[in-house]
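# Structural overview
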Amino acid sequence: MNIQELREILQEYNPWWNNKQWYKDDPLLKSFNKSMLKSEPRLFYHLRSRITTRGAYGIVTIRGPRRVGKNTLIKLLIKYITNKIGVNPSTIFYLSLDYEGLTGIKLIDILETIAKSSSLEKYVFIDEASMYPAWAQALKNLYDMGLIEKGYMKIIAAGSHSMDLAEAASKLRGRQGKLAQLFNLGGNLVHVPLRFSEVIEALKPEIDRYFTQYRLRTPGKRFRLIKELAQGHIPGILRRIYDEYFQLLQTVFEDYLIHGGYPKAIDEYYKNNTISRELYSNLAELLIKDSEKAGLDPENLKRVLAYLIEPIRLAGQLDLRKPEIIGRNENARPKGRFKLRNYLDYLLTTWSFFFPYPEENKHGESKPNYQGKPKNFVLDPFIYHALYSHLNNIPDPYTNSKEMLGKTDFKGLFVESTVASHLLLAQQLFEHVATIEYSKVLMYKPSSTEKRETDFILCITKRNKQHKLIVETKYRKTPTHITPEKGKIILTRDILEEKNNMTYIPVPLFLLLF
């Protein structure tokens, strides 16, 4: 295959080769421009500031759950590097590996053809990478042949099957080149649903301007504010935000508990004052169906999910030694042992759930006790509502989600789960690191005869120094049952105060820092 033959096959997916105004007709970008958000995720800025670095070639992977906007992210990047940076459009190749036109053509042959096509730098965006079973092997072979450097190749591979992307990153370790070294997480990036701070910045121009004016997007500044909170002091800038914008923050946060960080859900919510049933069911069905690609039984996954999403288990401890889930075998007969941990691993890698372990805390070091009971957190409000309504055949998921959030006890646990999803990202938000063991970032402190359980132990390594933060969630009118502990940060519904060497701060104000 020569380059002209390849261009003929890929022409439909690469309109920028012949049309400088291609983005005006692109369905994803048209939808983005019409959306309520109209704001690129922070991952876009992380990518755009490094991807065009001259002489840096290699492989970057992007993994994350379905419907978070990975395809749109790629199109935004292509538009940026052609329109703003002036990259030659003919050197940008977009490959969607679920495209039937590529059936029967080996990925390594496509990449080799691109590598040898010219002496110019080339940008190759591989979408739906998981649709091609041996895609990571093809990239590994390309690297071993020396064609990534010799061919001046910048490869960005994205996919929705996160377990496959995670395993591929392991296979490619040491073979991702100089380009990957410029990025956080060794070039193996995670595209998660939008955090609360990203949503409010996009929806509320006054907050966006405030962040710009006081440089509140700077990781170093945010981290210093968090450290000050942990020292028992409330920074003046947080007091000003509280005085000027708290009601706005509270309103948007209450909405966030319904639509979460999924762009489509956010757009429907603000445009239609509701979210379609199809969006709920579509998201749930995709998560369940994709499990088959990971070698799992979707029916067993449904049973695991039905167990995990019961309101009584949200933010609660799980006894994995005595699971109350009955799976099925290959003959569809009941089976008590069905490799439950493989299903939990799938939910972890799809960024749907997280199961933090209790802190071991021996010899003054904070480490997870893997023999203890993990807690059960859902990593986005909307994915919880989608799974709950789908698995319980709820006819009106939107109304049901609002009714569930009207129950004080459930709402408190739901907020705790939402806080967990933000804290989990702390390490990669505040420090450029090659890899992360998330189980060592977020833990909890189990109850003892003298003390009640502590919701979160957050451990962040910054400049080779470990910082340990103690965080408690009390999302109710009057925070109660608080064990005094110096440096503890207590997240409230609306109280901001310093008391007994602890800081009380409203949840939405605290989450602005993540």
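Criteria and cut-off values
- Residues numbered from 1 in each chain as written.
- Predicted model: local features only at pLDDT ≥ 70, side-chain atom pairs only at ≥ 80, totals over all residues.
- Heavy atoms only, no water.
- Helix = DSSP H or I, 4+ residues; strand = E, 2+ residues; numbered from the N terminus.
- Rg over C-alpha atoms; globule rule 2.2 N^0.38 Å.
- Buried < 20%, exposed > 50% of the residue type's maximum accessible area, 1.4 Å probe, protein only.
- Contact = heavy atoms within 4.5 Å.
- Areas by Shrake-Rupley, 256 points an atom, 1.4 Å probe, with all protein chains shown as cover.
- Lys, Arg positive; Asp, Glu negative; His and termini not counted.
- Charge placed at Lys NZ, Arg CZ, Asp CG, Glu CD.
- Pairing = 2+ DSSP bridges.
- Axes fitted to C-alpha atoms, helices over the stretch in contact; angles between N-to-C directions.
- Left-handed = near helix turned anticlockwise from the far one by under 90°.
- Nonpolar A, V, L, I, M, F, W, Y, C, P; charged D, E, K, R; others polar.
- Polar contact = N/O pair within 3.5 Å; in protein donor to acceptor, adjacent residues only side chain to side chain.
- Salt bridge = Lys/Arg side-chain N within 4 Å of Asp/Glu carboxyl O.

Now for the overall build of the protein chain. A tally of helices and strands in the protein chain yields 22 helices and 15 strands. Rg of the C-alpha trace for the protein chain: 23 Å, near the compact-globule value of 24 Å for 514 residues, within the 12% margin. When burial is assessed residue by residue, the protein chain has 57% of its 514 residues classed as buried. Of the contacts made within the protein chain by residues no fewer than 6 positions apart, 70% connect residues no fewer than 24 positions apart. Total accessible area computed for the protein chain in this model is approximately 22,900 Å², and 46% of it derives from carbon and sulfur atoms. Here the protein chain holds 76 positive side-chain charges and 57 negative ones, and the gap between their average locations is 4 Å.

What the five strands build is an open sheet, ordered 2-3-4-1-5; its pairing is parallel. If you trace the sheet from one side to the other, it starts and ends with strand 2 (92-96) and strand 5 (188-190), each paired once. Within this sheet the neighbouring strands show an average axis-to-axis angle of 15°, counted without direction. With five bridges joining them, strand 3 (residues 122-127) and strand 4 (residues 153-159) adopt parallel strand pairing. Each residue of the ladder has a partner; that of Ile 126, found in strand 4, is Ala 157. On the sheet, helix 4 (residues 70-83) packs against strand 1 (58-63), strand 2, strand 3 and strand 4 and is oriented at approximately 165° with respect to strand 3. Against the sheet, helix 5 (residues 107-115) makes contact with strand 2, strand 3 and strand 4, and its axis sits at roughly 160° relative to strand 3, the strand it touches most.

Attention now goes to the packing of helix 5 against helix 6 (residues 135-144). Describing two packed helices takes the angle between their axes plus the distance from one axis to the other. Two elements in contact, helix 5 and helix 6, have axes separated by 9 Å at closest approach and are oriented at 35°. For the crossing formed where helix 5 meets helix 6, the hand is right-handed. Packed against helix 5, whose contacting residues are Leu 107, Ile 108, Leu 111 and Glu 112, the element helix 6 presents Trp 135, Ala 138, Leu 139, Asn 141 and Leu 142 at the interface. Its residues assigned to classes, the contact of helix 5 with helix 6 comprises seven nonpolar, one polar and one charged.

Moving on, we come to the side chain of Asn 188. Positionally, Asn 188 belongs in strand 5. Residue classification places Asn 188 among the buried residues on the basis of a relative accessible area of 12%. In this structure the side chain of Asn 188 is engaged in a polar contact, spanning 2.8 Å, whose partner is the side chain of Thr 61. The contact partners of Asn 188, leaving out residues within four places of it in the chain, are Thr 61, Ala 169 and Gln 176.

Looking now at the pairing of strand 13 (residues 489-492). Side chains of strand 13 alternate between two faces, with Ile 489 and Leu 491 and Ile 490 and Thr 492 buried alike. In terms of strand pairing, strand 12 (residues 465-474) meets strand 13 through four bridges, oriented parallel. When the bridges of strand 13 are listed, Thr 473 appears paired with Leu 491. Note that strand 13 and strand 15 (residues 502-506) share four bridges and pair parallel. In the strand pairing of strand 15, Ile 490 is matched with Tyr 504.

Strand-to-strand pairing in sheets goes through backbone hydrogen bonds, with the strands running parallel or antiparallel. Read across the open sheet, the six strands follow the order 10-11-12-13-15-14; overall the sheet is mixed. Pairing within the sheet leaves two strands with one partner each, and these edge strands are strand 10 (442-445) and strand 14 (497-499). Taken over all neighbouring pairs, the strand axes of this sheet differ in orientation by 30° on average, direction set aside.

This paragraph deals with the pattern of salt bridges. Counting across every chain of the model gives 28 salt bridges. Where Asp 144 meets Lys 140, a salt bridge forms, and the shortest distance between an N and an O atom there is 3.2 Å. Note that Asp 144 and Lys 140 are positioned in helix 6 at a spacing of four residues, about one turn of the helix. Owing to a relative accessible area of 42%, Asp 144 belongs among the partly exposed residues under this scheme. Notably, a salt bridge pairs Lys 468 with Glu 359, separated by 2.8 Å at the nearest N-O pair. Here Glu 359 lies in the loop between strand 8 (353-354) and strand 9 (377-378) and Lys 468 lies in strand 12, a separation of 109 residues in the sequence. Among the charged side chains, a salt-bridge network with shared partners connects Arg 42, Glu 201, Asp 208, Arg 217 and Arg 222.

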